[in-house]
Amino acid sequence: MDIFLINLARSHDRLSHMQEVFDAQGLAFERIDAVDAATLSEDFVRNIVVPPVSKYARNLTPSEVACYLSHKKIWELALSRGLEYAAIFEDDIHLAPDAGKLLSAASEWLPDGADLIKLETLAMPTHVSRSGDALMETTHRLKRLLSSHYGAAGYIVSRRAMERLCAASDPLPLPVDDVIFGAHYRVFGGLGAYQIDPAICVQDQYLEGPGTEQLGIASVIYDRHASPPLTHEGKGPVRRALAGLANKTNRRRRKTRIALLQALGRAEQKTIPFARD
């Protein structure tokens, strides 16, 4: 499994931390130079994003644009190399003790048709299948991911998913984690999405529990509040109404399916824990 790490050239402390994290797991990674929001002009940001269609939507910040382009850089690189899968990480994460075991032998447990495998938890409620395959005699199980679970600090992505993500990224429609793991967006619905439970990855800011200590290394690759969004002219009421109707229909279908699976005992809503021990 090829592992890629997104890291800003000026974030030497984060790179040093991540080198220690991956070395401890016996894993090698390729550093990818992150796009720096400080280098993006207002005109560039304004021209590369989709003006919000819904009246409830907002514009992307320069930090969100830079983060998105950093992930997109890896998708394009992996596709150019003919990779079937890539593991992608941001530079402010912790890994579970057995993460190395799973990542180094991912080809042994990845199911046919798997396109998105969420390795991290964002400590938010999500819906997953109640049962799942045990992974390599560990406590981790691979479950179907049935609803949104945001964050893009640690995931495995297939070639098919990278092709679809690239196709959906010109121009940029939403923050990158919304596009990858947002069930409301069209990419997620057409792919085989999975969640490792408990998670083997967590961002520093979401590390919780007794005996845990955050390192204070929140990533500067992506910060929703780092810079204000740029403004665009809004779309007309007809466009907003059509988009709203389509989203409402998709949400209703998804909720109905999840409710049915829960009634059958085949799905559950839970907050995915991080496997610290």
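None of these values were measured; they are calculated from a predicted model. (Residues numbered from 1 in each chain as written. Predicted model: local features only at pLDDT ≥ 70, side-chain atom pairs only at ≥ 80, totals over all residues. Heavy atoms only, no water.)

Regarding the pattern of salt bridges
According to the stated counting rule, one finds 14 salt bridges in the structure shown. Here Arg46 makes a salt bridge to Glu42, at a shortest N to O gap of 4.0 Å. Residue Arg46 and its partner Glu42 are both found in helix α2 (residues 42–48); the two are separated by 4 residues, about one turn of the helix. With a shortest N-O distance of 3.7 Å, Glu268 and Arg130 are connected by a salt bridge. Taken together, the residues Glu268 in strand β12 (residues 267–271) and Arg130 in the loop between β6 (125–129) and β7 (133–134) connect sequence positions 138 residues apart. Each of Arg130, Lys143, Asp197, Glu268 and Lys270 takes part in a single network of salt bridges with overlapping partners. (Salt bridge = Lys/Arg side-chain N within 4 Å of Asp/Glu carboxyl O. Helix = DSSP H or I, 4+ residues; strand = E, 2+ residues; numbered from the N terminus.)

Details of the confidence of the model for the protein chain
With 82% of its residues at a pLDDT of 70 or more, the protein chain shows a mean pLDDT of 87. Per-residue pLDDT stays below 50 along residues 224–228; that stretch engages in 12 contacts with residues further than four places along the chain or on separate chains. Note that residues 230–235 has pLDDT below 50 and, in this model, 16 contacts with residues that lie over four places away or in other chains. (pLDDT = per-residue confidence, 0-100. Contact = heavy atoms within 4.5 Å.)

Some details on the packing of aromatic side chains
Going through the model one piece at a time under the given rule, you end up with 4 aromatic pairs. Residues Tyr68 and Trp75 carry aromatic rings whose centres are separated by 6.0 Å and whose planes lie at 75° to one another, so their mutual orientation is edge-to-face. Both residues of the pair, Tyr68 and Trp75, count as buried. Aromatic side chains Tyr155 and Phe181 sit 5.9 Å apart centroid to centroid with 85° between the ring planes, which places their arrangement in the edge-to-face category. Residue Tyr155 is located in strand β9 (residues 154–158), and its partner Phe181 is located in helix α7 (residues 176–181); the two are separated by 26 residues in the primary sequence. Neither residue differs from the other here; Tyr155 and Phe181 are each classed as buried. (Phe/Tyr/Trp six-rings, centres within 6.5 Å; stacked < 30°, edge-to-face > 60°. Buried < 20%, exposed > 50% of the residue type's maximum accessible area, 1.4 Å probe, protein only.)

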